[in-house]
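Fold and geometry: a report
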Amino acid sequence: MPCSCQRLAALAAAFCCLAVAARGQTPNAPTPPPLLVSEDFESNPASRGWSVFGNPRLFAWNPPAGGLDVTWDSSSSNSYYQLPLGTVLTRRDDFSADVDLTLREIAAGVDPEKPGTFQIALGFLNGDEARRPGFIRGTARSSPDLVEFDFFPDTGFGPTVWPGVFSTNSTMNYNGTSDFNIFDLPTGIPLRIHLGYAASNATATVTITTNGVPVGPPTSARLMPRFSEFLVDTFAIASYSDAGQSPFMPGSVFARGTIDRIELQIPPPPIARVEASLTGGVWEGTFATALRWAYDVESSTNLRDWTPASSPRPGTGAPMTLSVTAGETPGARFYRVIATPLLSTP
């Protein structure tokens, strides 16, 4: 019978398959194209997997307006309106986000003790890492695995648009002043913010338009030569805390706006069309694979404790079959296929 239980972790995607499955047919459909995830907020987004982490007062679904009211308040704790992607994106993937945002108000330096600028943000992050207490966005050392749109309101150095990228070891991507642009975002006007990452040239890009007319120039930041890797698995509207900053030029921000639509384009999950069977004491699973992922099988007797049952095999983009001898352990035994991204080197 087909597998139906999916589990995503920061570094792996897994499908859990009961060992008592009947024989199924081998999937042979081609690998699906990139997925388009669209959210228009016309109905409750919680029913489609969206949730709040942190301060729930910063995010409010507005049914009459068909939008999401957002407050970016750096005096609060790290808070996200988040959607798990069902996969892990790396520097070798193409992905993008288009967000319709109308800012109502925005100001930096609102805390007299933190008079500098601070960002409002949206983009891709690693959910497990970003929810940890030690994740501090106000430094360049404690916020790993980010690909995001950042806007810093002006406090004397110019309003700044920046495609921010941080590696798995919290290294900030920075090539120089060409990585950002100086221009302001208007309030009260619908903005289409496009954040994209292209693997072919290892470049993150932000473009902002209103009714098709550019608001400032495109802003692109290529990964610097020694940039290692990022691993992101969640899209989020991010209100970061300004706690933990250096005493040198600390900043703060307060902003409010409404998001009317979000469109994400991401690669499909690395495992698809799974069929499993148990015949003659041998468990066998067949599934569609993806390039740049490795696949192996784990087994369990209680669905809590898992042990390796096979050696990893690289995906080819074609169907793969893995088999494991079930053994003679009394009682039920469960199997799952694990997909782990094959990481690149700079």
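See the structure shown above.
Model, not experiment: these values are computed from the prediction.

A closer look at the nonpolar core
In terms of nonpolar packing, the biggest core is built from 59 residues, with F124, I208, F235 and I237 touching the most fellow members. The greatest single-element share of this core, amounting to six residues, is contributed by strand β18 (residues 253–266). Leaving out residues up to four positions away in the same chain, F235 has contacts with W50, Y81, Q82, L83, L85, A97, V99, L122, G123, F124, I262 and L264. One finds A276, W283, Y295 and L322 within the second-largest nonpolar core, a separate group that totals 18 residues.

Brief notes about the pattern of salt bridges
Per the stated rule, a full pass over the model turns up twelve salt bridges. Taking the shortest distance from any N to any O, the salt bridge between E105 and R256 comes out at 2.4 Å. Of the two residues, E105 is situated in strand β8 (residues 95–108) and R256 in strand β18; the sequence distance between them amounts to 151 residues. When its relative accessible area of 31% is taken as the criterion, E105 is described as partly exposed.

Structural notes on the packing of aromatic side chains
Taken as a whole and assessed by the stated rule, the structure comprises 18 aromatic pairs. Ring geometry for F41 and W50: centres 6.4 Å apart, planes at 45°, overall tilted. Take F41 and W50: they sit in the same class, and that class is buried. With a centroid separation of 6.5 Å and an interplanar angle of 55°, the aromatic rings of F152 and W162 are classed as tilted. Linking F152 in strand β10 (residues 146–152) with W162 in strand β11 (residues 160–166), this pair joins segments that are ten residues apart in sequence. On the accessibility criterion, W162 (17% relative accessible area) is buried. Through a chain of ring-to-ring contacts, three or more aromatic side chains come together here, namely F41, W50, F59, Y81, F95, F124, Y197, F227, F230 and F235.

A short note on unusual backbone geometry
The phi dihedral of S170 is positive, around 70°, even though this residue is not glycine. Position of S170 among the secondary structure elements: in the loop between β11 and β12 (181–182). For S170, a relative accessible area of 10% puts it in the buried group. One non-glycine residue, R292, lies in the positive phi region at around 70°. As for its placement among the helices and strands, R292 is situated in the loop between β20 (282–288) and β21 (293–300). Residue R292 is classed as partly exposed on the basis of its relative accessible area of 34%.

Examining the environment of D98
Mapped onto the secondary structure, D98 falls in strand β8. With a relative accessible area of 16%, D98 lands in the buried category. Here the alpha-carbon distance between D98 and G196, two residues 98 residues apart in the chain, equals 8.4 Å. Those residues in contact with D98, other than ones at most four positions away along the chain, are R192, I193, H194, R261, I262 and E263. In this structure the side chain of D98 is engaged in a polar contact, spanning 2.9 Å, whose partner is the side chain of H194.

Rules of the game
- Residues numbered from 1 in each chain as written.
- Predicted model: local features only at pLDDT ≥ 70, side-chain atom pairs only at ≥ 80, totals over all residues.
- Heavy atoms only, no water.
- Core = buried A, V, L, I, M, F, W, Y, C linked by side-chain atoms within 4.5 Å.
- Buried < 20%, exposed > 50% of the residue type's maximum accessible area, 1.4 Å probe, protein only.
- Helix = DSSP H or I, 4+ residues; strand = E, 2+ residues; numbered from the N terminus.
- Contact = heavy atoms within 4.5 Å.
- Salt bridge = Lys/Arg side-chain N within 4 Å of Asp/Glu carboxyl O.
- Phe/Tyr/Trp six-rings, centres within 6.5 Å; stacked < 30°, edge-to-face > 60°.
- Polar contact = N/O pair within 3.5 Å; in protein donor to acceptor, adjacent residues only side chain to side chain.

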